[in-house]
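This is what each chain is made of:
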Amino acid sequence: MALHHHVDPRASGDPRNIYRDDEQFYASDRPENPAMPEDRPRGGGAPDPLRHRGTWATAALVIGIILLVLIGIALFP
């Protein structure tokens with residue numbers, strides 16, 4: 001009997017030291033046909049290109065923040 005899993009050779013006759021190998025261990029709860037189709041296939045078509053805000057939107061945001069700061073300073077001197 002070949003000893004596996006670093007079992008002490010003095011305990012080789014003990015029936016509690018019988019270990020299943022990986023194939024036997026993992027086969028116990030596998031279905032009959034373990035090759036199942038993917039529910040979320042990887043890959044696919046090319047992604048949509050990223051759309052950035054235009055320069056006008058960025059300029060309006062910066063001007064809005066500057067106006068907000070100036071109005072805040074004007075109202076609370």
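Model, not experiment: these values are computed from the prediction. (Residues numbered from 1 in each chain as written. Predicted model: local features only at pLDDT ≥ 70, side-chain atom pairs only at ≥ 80, totals over all residues. Heavy atoms only, no water.)

Asker: It is not clear to me how the overall build of the chain should be interpreted in this structure. Could you clarify?
Answerer: Along its length, the chain carries two helices and zero strands. Counting across all 77 residues of the chain, residues that qualify as buried make up 3%. About 8100 Å² of surface is accessible on the chain, with carbon and sulfur atoms providing 61% of the total. (Helix = DSSP H or I, 4+ residues; strand = E, 2+ residues; numbered from the N terminus. Buried < 20%, exposed > 50% of the residue type's maximum accessible area, 1.4 Å probe, protein only. Areas by Shrake-Rupley, 256 points an atom, 1.4 Å probe, with all protein chains shown as cover.)

Asker: For this particular structure, what's the right way to read a nonpolar patch on the surface?
Answerer: Together, Leu-61, Val-62, Ile-63, Ile-65, Ile-66, Leu-67, Val-69, Leu-70, Ile-71, Ile-73, Leu-75 and Phe-76 make up an exposed nonpolar region whose accessible area comes to about 1200 Å². With respect to the helices and strands, the residue Leu-70 is situated in helix H2 (residues 55–75). (Patch = residues over 30% accessible without salt bridge, like charges linked within 9 Å, V, L, I, M, F, W, Y side chains within 5 Å. Salt bridge = Lys/Arg side-chain N within 4 Å of Asp/Glu carboxyl O.)

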